[in-house]
Amino acid sequence: MKCPFCGAEMLHGYLNCGTTLWSTKKHKISLLVDKKEKYALQLGPPALCPHHVESDCCPKCKTIIINGSDYDNNLD
Ligand SMILES: [Zn+2]
């Protein structure tokens, strides 16, 4: 896919990660969510190997795009 910011062809790959949480709140210690925040891409600690989140990375402006629809969230 083309980068929506600079138009370069993006590289398809994987965000290899452990415990992950996208949130409207900045967490300093725990990744437990509370009722006041909106969150997405909640992934618990990986059992054996890292999580592999399919995504695209722009080689020019370094933007990474993730479609989080397959992952736990409370945005609806
Ligand atoms: Zn770009």
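Residues numbered from 1 in each chain as written. Predicted model: local features only at pLDDT ≥ 70, side-chain atom pairs only at ≥ 80, totals over all residues. Heavy atoms only, no water.

Caption draft 1: The coordination of the zinc ion, seen in detail. In the first shell of the zinc ion, the protein supplies C3 (SG), C6 (SG), C58 (SG) and C61 (SG), at 2.3 to 2.4 Å from the metal. Viewed at the metal, the four donor atoms of the zinc ion are separated by angles of 100 to 122°, and the geometry they form is tetrahedral. On the primary sequence, the residues serving as donors to the zinc ion are separated as C-x2-C-x51-C-x2-C. In this pair, C6 sits in the segment before β1 (11-17) while C61 sits in the loop between β4 (51-57) and β5 (64-66), placing the two residues 55 residues apart along the sequence. With relative accessibility at 31%, the residue C6 sits in the partly exposed group. (Donors = N, O, S within 2.8 Å, 3.2 Å for Na, K, Ca; no water. Tetrahedral: all angles 85-135°; square planar, octahedral: opposite > 155°, others 65-115°. Helix = DSSP H or I, 4+ residues; strand = E, 2+ residues; numbered from the N terminus. Buried < 20%, exposed > 50% of the residue type's maximum accessible area, 1.4 Å probe, protein only.)

Caption draft 2: Broad picture of the sheet that holds β4. Within the open sheet, the three strands sit side by side as β1-β4-β5. Their pairing is antiparallel. Either end of the sheet is taken by a strand with one partner, and the two such strands are β1 and β5. Looking at each pair of strands side by side, their axes are set apart by 45° on average, direction ignored. (Pairing = 2+ DSSP bridges. Axes fitted to C-alpha atoms, helices over the stretch in contact; angles between N-to-C directions.)

Caption draft 3: Spatial organisation of unusual backbone geometry. Backbone geometry places L41, a non-glycine residue, at a positive phi of 50°. Summarising the element assignment, L41 is placed in strand β3 (residues 39-43). With a relative accessible area of 9%, L41 lands in the buried category. In this model, K62 sits at a positive phi of 70°, which is unusual for a non-glycine residue. Take K62: it is sitting in the loop between β4 and β5.

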